[in-house]
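# Architecture at a glance
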Amino acid sequence: MTDLHLNTFQAGIWSTVEMLAYAGAMFGISPWAAGLHLRRVALVAGIMVVVAQGASAIVASYGILLALRLLAGMGLGMLNAVVNIGSARSHAPARRLSLVMIVQTVVFTIASLLLPQAAALGGRAGVFGFLALLVVFLLPLMGFTTSRSSIPRSHRVSITRSGERSCVHPRFIIAAVVFYTSGSLAIWPFSAHVGHLAGLTNTAFGWLAAVANIGGLAMCIAGSLLGDGRAAFRLLAPAVLLTALACVAQAVPWSIPAFCTAFLLNYALWFFIYPNLIGIACRMDPTGRLATLCSGAWMISQASVTPLSGLLGRNGHFLGVGLLGMGNCLVSTLLVVGLYFRAC
């Protein structure tokens, strides 16, 4: 924004274009999930992201930069689809997704530490150049993805992989993901502002974010150890319900301890709830199509709820945002309970 003199509306459009391209790529790939050669898709998608980030380091035209955000979003959406489809082809999709999120958290932490230095040395060119080099460095690892599926395109949907057709309609799990993500993510764009109203300094909020990242990593490790058993499924509804309560506490600056507790709960529980929701979709449809649709729906819900949250909190009072998040998470809790009893 500073380098190109963008206003907040232009910056918002920038982010929205990337998120919608991300979702569009996942929706576009989903019909072909059963027969995709995942290594080729991952390599092409990685190169798209490298080109988009590298070019964003030197391009000054806002229109071209939006086109590059479109390219980056499509590449990232394709990579997320590869993760979901590859997990669905495994015998323990929730565990595989938890392991992926562990790696993701480590990479994110390293990037968070190095990006400010890249910005100090090279400004916008340093930031986007670093992001492009990071993906180049990770490209060889895409060779470890599962290649082709052994599941026929006509494979019947099953939640237990026993071959019996599931009595749960796929729309239930998609709805559960949409309501959970739109609810838990509604307050996040304004969390730093609410934290400051509660009395946190910038440094203290940075420490809180660091502790939350460690908590998320610990939750990923716990989720990977718990695996895809019924115990994880039983814990899912209480975790979403706890997130519903955290949404309100995170939106209202009652006190520093209350805000910090809600922030940590909402952040850490995401790393347990999201891979398990997508894991259910993977077990319902081992081709990976349903899991990919769920992640695409997540991006659409995130892109939609952010402007609505901004409208509700336009006067600096974010209780409405917290109540919106709580209501959506409560609906998701009911859907998860229904999924559990229908499946188990």
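Residues numbered from 1 in each chain as written. Predicted model: local features only at pLDDT ≥ 70, side-chain atom pairs only at ≥ 80, totals over all residues. Heavy atoms only, no water.

A word on the domain arrangement of the protein. Interface size is commonly expressed as the accessible area that is lost once the parts come together. Taken domain by domain, the protein holds domain 1 (8–91 + 119–144) and domain 2 (170–343). In this structure, domain 1 and domain 2 have C-alpha centres spaced 23 Å apart. On the side of domain 2, 18 residues touch domain 1, which itself brings 17 residues to the contact. Of the roughly 1400 Å² buried between domain 1 and domain 2, counting both surfaces, carbon and sulfur atoms make up 75%. Where domain 1 packs against domain 2, one counts zero salt bridges. Linking domain 1 to domain 2 there are two residue pairs in polar contact (both at pLDDT 80 or more). Put simply, the parts of the chain that give the side of domain 1 that touches domain 2 at least two residues each are helix H1 (8–29) and helix H3 (62–88). Residue composition of the side of domain 1 that touches domain 2, by class: 12 nonpolar, four polar and one charged. (Domains from an automatic or database assignment. Contact = heavy atoms within 4.5 Å. Buried area = accessible area lost by both parts, 1.4 Å probe. Salt bridge = Lys/Arg side-chain N within 4 Å of Asp/Glu carboxyl O. Polar contact = N/O pair within 3.5 Å; in protein donor to acceptor, adjacent residues only side chain to side chain. Helix = DSSP H or I, 4+ residues; strand = E, 2+ residues; numbered from the N terminus. Nonpolar A, V, L, I, M, F, W, Y, C, P; charged D, E, K, R; others polar.)

Judged by nonpolar contacts, the single largest core of 81 residues is most densely connected at Ile 173, Ile 273 and Leu 277. Per-element tally for this core: the top contributor is helix H9 (residues 256–284), with 16 residues. Viewed by domain, this core spans two of them, domain 1 (8–91 + 119–144) and domain 2 (170–343), each represented by three or more residues. Not counting residues up to four positions away in its chain, the partners in contact with Ile 273 are Tyr 180, Leu 236, Ala 239, Val 240 and Thr 243. If you look at the next biggest cluster of nonpolar residues, it comprises seven residues, including Trp 14, Ala 57, Leu 68 and Phe 128. (Core = buried A, V, L, I, M, F, W, Y, C linked by side-chain atoms within 4.5 Å. Buried < 20%, exposed > 50% of the residue type's maximum accessible area, 1.4 Å probe, protein only.)

Per the counting criterion, the structure on display carries one salt bridge. Residue Glu 18 is joined to Arg 69 by a salt bridge in which the shortest nitrogen-to-oxygen separation is 3.1 Å. In this pair, Glu 18 sits in helix H1 while Arg 69 sits in helix H3, placing the two residues 51 residues apart along the sequence. For the pair shown, Glu 18 and Arg 69 are each scored as buried.

Turning to the environment of Phe 172, a few remarks are in order. Turning to its location among the elements, Phe 172 is positioned in helix H5 (residues 170–184). Taking the C-alpha atoms as reference points, Phe 172 and Ala 281, 109 residues apart in sequence, are found 9.8 Å from one another. Dropping the residues within four chain positions of it, Phe 172 is found in contact with Leu 335 and Leu 339.

This part takes up the environment of Val 17. With respect to the element layout, Val 17 can be found in helix H1. Looking at Val 17, the relative accessible area reads 23%, which means it is partly exposed. In sequence terms Val 17 and Leu 71 are 54 residues apart; their C-alpha atoms lie 9.7 Å from each other. Not counting residues up to four positions away in its chain, the partners in contact with Val 17 are Leu 66, Arg 69 and Leu 70.

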